[in-house]
Amino acid sequence: MIMEETQKFHTVRGYQLLEQNKKLLTSAMEDYLEMIYRNSLTDGYMRINTLSDLLNVQASSATKMVQKLSGLGLLDYKKYGIIFLTENGKEIGKYLLERHSIIEAFLKYLGVGDTILLETELIEHNISVSTLHKIELLNKFFETSPDFLQKFEQFKKACRDT
Ligand code: CO
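First, a word on what this report is: a plain description of the structure on this page. (Residues numbered from 1 in each chain as written. Predicted model: local features only at pLDDT ≥ 70, side-chain atom pairs only at ≥ 80, totals over all residues. Heavy atoms only, no water.)

The protein atoms that coordinate the cobalt ion are Glu 34 (OE), Glu 34 (OE), His 100 (ND1), Glu 121 (OE), Glu 124 (OE) and Glu 124 (OE), at distances spanning 2.3 to 2.6 Å. Geometry at the cobalt ion is irregular, judged from its six donor atoms and the angles of 52 to 155° they form at the metal. Summarised as a motif, the one-chain spacing of the donors to the cobalt ion is E-x65-H-x20-E-x2-E. Of this pair, Glu 34 sits in helix H2 (residues 27-43) while Glu 124 sits in helix H6 (residues 116-124), and the two are 90 residues apart along the sequence. (Donors = N, O, S within 2.8 Å, 3.2 Å for Na, K, Ca; no water. Tetrahedral: all angles 85-135°; square planar, octahedral: opposite > 155°, others 65-115°. Helix = DSSP H or I, 4+ residues; strand = E, 2+ residues; numbered from the N terminus.)

Written out as structure tokens, the structure reads:
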């Protein structure tokens, strides 16, 4: 329970920080922060080379972006190309990763296939937090009501067949 409350707090804080930085953070910056957060979960840091590989960009563009994010106080860029998120960077990264997961899970329930990652990327940067919470609630409903999901699957199949 305490854990849950803390997580809730973190998400809200991450969102608030994101709102404060909204005019400063572009979609590309959000992608960087999400990727860095995702990859720092195990080791607590990420290498800039890995980052540019995963984002499919030149190392020089990754370095430029990392310097911008460092200027906003969201990460520290150390020697040997190692990146650490600051506390604010972590809060925002956590929110961005959760946002991504919620949208991806929702599209999966809808039955989106091969294009799911691309579509998640397109939606995530433009969705409002209130709509995101509504989707999260619907996901939870699907999760906890397998018979409803089954009915929905049958309905989809019936619509296809007619
Ligand atoms: Co994403």
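Next comes the rest of the description.
In this section: the packing of aromatic side chains. Inspection of the entire model under this criterion finds five aromatic pairs. The interplanar angle of 45° and the centroid separation of 5.7 Å between the aromatic rings of Phe 142 and Phe 148 together place this pair among those described as tilted. For Phe 148, a relative accessible area of 39% translates into the label partly exposed. (Phe/Tyr/Trp six-rings, centres within 6.5 Å; stacked < 30°, edge-to-face > 60°. Buried < 20%, exposed > 50% of the residue type's maximum accessible area, 1.4 Å probe, protein only.)

Formed by 33 residues in total, the largest nonpolar core has its most connected members in Leu 25, Leu 33, Leu 51, Leu 69 and Ile 92. Mapped by element, the contributors of at least two residues to this core are helix H1 (2-20), H2, helix H3 (48-55), helix H4 (59-71), strand E3 (82-85), helix H5 (87-110) and helix H7 (129-144). Top contributing element to this core by residue count: H5, with eight residues. What Leu 51 contacts, discounting residues up to four positions off in sequence, is Tyr 32, Met 35, Ile 36, Met 46, Val 66 and Ile 83. (Core = buried A, V, L, I, M, F, W, Y, C linked by side-chain atoms within 4.5 Å. Contact = heavy atoms within 4.5 Å.)

This part is about the sheet that holds strand E2 (residues 75-78). Pairing between the strands of a sheet comes from backbone hydrogen bonds, and it takes one of two forms, parallel or antiparallel. The three strands are arranged E1-E3-E2 in an open sheet whose pairing can be described as antiparallel. Each edge of the open sheet is held by one strand with a lone partner, namely strand E1 (46-47) and E2. In this sheet, E3 lies alongside E2 in antiparallel orientation, the contact comprising four bridges. Within E3, the residue paired with Leu 75 across the bridge is Leu 85. (Pairing = 2+ DSSP bridges.)

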